[in-house]
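These are the residues of each chain, in order.
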Amino acid sequence: MSVNSTKGHVDWGPAQLRRALEAAGVALWAWNVDTDSLIMDSHGYTLWDVSDDVDLTFERLSEKIHPADRDRVRAAFSATRAIVGPYEIDFRILVGEEVRWISARGQGDDAGMHDRSMTGVFLDVTARKQAEESHELLAGEMSHRVKNLLALASGLTSITSRTSTSVEDMSRQLTARLMALGRAHDLVRPLPGGQGNAALLGDLFTVLLAPYDDEGAFAGRIRIAVPRMGVGQSAATGLALVIHELATNSVKYGALSVPEGTLDVSGTQSDGSIEIRWSERGGPGVQIPEGAGGYGSKLLRRTLSGHLGGTIEHDWAPDGLLVALRLDVERLSV
């Protein structure tokens, strides 16, 4: 490498360029458009987990592309046969059971009628793509929670108005219910230093569902009878999310949306698992949702399977929704 101090110009040598490429994790590739022959540097073969002792073609290499992306990538690469200029596309590849995100960037060169080729680089952008997916997931979850909070506020206002005798009475009841929601969040907040259990299972349901119970003539329409067991701080947060989601749906569409509706939560324990049955009666006519469900349904299943090692089943009976939650007792204690 030589430096012209007058003009500030640097002549980069092959050794310096190679070290820069290695430091950046860049893999070099060249593809002959006419013969489909493709070669890579050593890092490229490692990145794709293919052997460098066999003749490689783009068609053969594309077999390692994720099935969901394969047709798109093949079509994009095929289109470059008639294009001269820059090229860029991101896609996934499969390396064993691992999914990697690759960014392919190249430059077409039509120097004559034969041996047309593209040269470029492969970049491993897995970390960036995973971060983007996490941000999208977080944004979706935050949006869903905000919508749920608005729905809860509307539902609590409707519940409170049914049993209030004056504006002052409604204000008192609504404030008490909102404060109960705050206490519920305090109940499931992780304890400092991971000390002990966050809550008892029955207390968790009782406190979280208390704001939705009516007073006066319709008092006690929510009944809870579950086994006495401790719920760990990590599991408590996930279970609270599940309870909130079920309660929100009930306030929107189910038994808790009308004065005469009732909710029974019961549980039985056996063989290292506990089954919790959420049974609604007296609400509007049950309608089976179409399709795979919205974000709330996906959030429920992801929380149950990921955080609690459990499952959820719905029985859309005409006289009321029945939800069965099956949870692993050991996972509940964490």
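Source: prediction; values computed, not measured.

Cut-offs and rules
- Starting afresh in each chain, residues are numbered from 1 along the sequence in its written order.
- Restriction of local features to residues with pLDDT of at least 70 applies here, the model being predicted, together with a cutoff of 80 or more for giving and counting side-chain atom pairs; totals for whole chains, interfaces and linings are based on all residues.
- Here the side-chain values reflect all heavy atoms present in the structure, with hydrogen atoms and water set aside.
- Put simply, DSSP marks the helices as runs of H or I at least four residues long and the strands as runs of E at least two long, and each gets a number from the N terminus on.
- Burial classes follow relative accessibility: with a 1.4 Å probe on protein chains only, a residue under 20% of its type's maximum area counts as buried, one over 50% as exposed, and anything between as partly exposed.
- Every residue pair with non-hydrogen atoms within 4.5 Å of one another is taken to be in contact.
- Pairing of aromatic rings covers Phe, Tyr and the six-membered ring of Trp, with a centre-to-centre limit of 6.5 Å; geometry is then stacked below 30 degrees between planes, edge-to-face above 60, and tilted otherwise.
- Charge-over-ring contacts are defined here by two conditions on Lys NZ or Arg CZ: a distance within 6 Å of the ring centre and an angle within 35 degrees of the ring normal.
- Counted as a polar contact is a pair of N or O atoms within 3.5 Å, where, for protein atoms, one must be capable of donating a hydrogen and the other of accepting one, and residues adjacent in sequence contribute only when both atoms are in side chains.
- Whether two strands pair depends on DSSP finding at least two bridges between them.
- Think of each axis as a best-fit line through the C-alpha atoms, taken over the contacting stretch in the case of a helix, with angles from 0 to 180 degrees between the N-to-C directions.
- Among the buried residues, those of types Ala, Val, Leu, Ile, Met, Phe, Trp, Tyr and Cys that are joined through side-chain atoms within 4.5 Å form a nonpolar core.

Caption draft 1: Representation of the overall build of the protein chain in the model. When helices and strands are counted, the protein chain shows 10 helices and 14 strands. Within the span of the protein chain, comprising 334 residues, buried residues form 40% of the whole. Excluding contacts between residues fewer than 6 apart, the proportion of contacts in the protein chain whose partners are at least 24 apart in sequence is 57%.

Caption draft 2: Structural view of the packing of aromatic side chains. Summed over the entire model, instances satisfying the criterion amount to 4 aromatic pairs. Ring centres of tryptophan 29 and phenylalanine 122 lie 5.5 Å apart, and the angle between their planes is 25°; on these two criteria the pair is classed as stacked. Residue tryptophan 29 is located in strand E3 (residues 26-32), and its partner phenylalanine 122 is located in strand E7 (residues 117-124); the two are separated by 93 residues in the primary sequence. Of the two residues, tryptophan 29 and phenylalanine 122, both sit in the buried class. Ring centres 5.5 Å apart and planes at 45° place the aromatic pair tryptophan 31 and phenylalanine 58 in the tilted group. Taken together, the positions of tryptophan 31 in strand E3 and phenylalanine 58 in helix H3 (residues 58-61) put the pair 27 residues apart, joining distant regions of the chain. The exposure class of tryptophan 31 is buried, given its relative accessible area of 1%. Three or more aromatic residues joined by ring pairs make a cluster, and in this case those are Trp29, Trp48, Phe91 and Phe122. Of note, lysine 129 hangs over the ring of tryptophan 101, and the distance from its end group to the ring centre comes to 4.7 Å.

Caption draft 3: Up close: the side chain of arginine 221. Following the sequence through the fold, arginine 221 ends up in the loop between helix H7 (201-209) and strand E9 (222-225). Under the relative-accessibility criterion, arginine 221 is labelled buried at 4%. At 3.5 Å, the side chain of arginine 221 forms a polar contact with the backbone oxygen of alanine 255.

Caption draft 4: Region of the structure containing the sheet that holds strand E13 (residues 311-317). The sheet built from 5 strands is open, its strands ordered E9-E11-E12-E14-E13 with mixed pairing. Two strands lie at the open edges of the sheet, namely E9 and E13, each paired on one side alone. Strand-to-strand twist across the sheet, computed as the mean angle between neighbouring axes with direction ignored, equals 15°. As judged from the 9 bridges shared by strand E11 (residues 262-270) and strand E12 (residues 273-281), these two strands associate in the antiparallel manner. Bridge assignment links leucine 263 to a residue of E12, and that residue is glutamate 280.

Caption draft 5: Geometry of the nonpolar core. Leu201, Leu209 and Leu332 are the most contacted members of the largest nonpolar core, which has 35 residues in total. A total of 9 residues in this core trace back to one element, the largest contributor, which is helix H8 (residues 233-253). Discounting residues that sit within four places of it in the chain, leucine 332 has contacts with Met229, Gly230, Val231, Gly232, Ala235, Leu239, Ile274, Leu308 and Leu327. Judged by nonpolar contacts, the second largest core, of 24 residues, contains Ala27, Leu56, Ile65 and Ile102.

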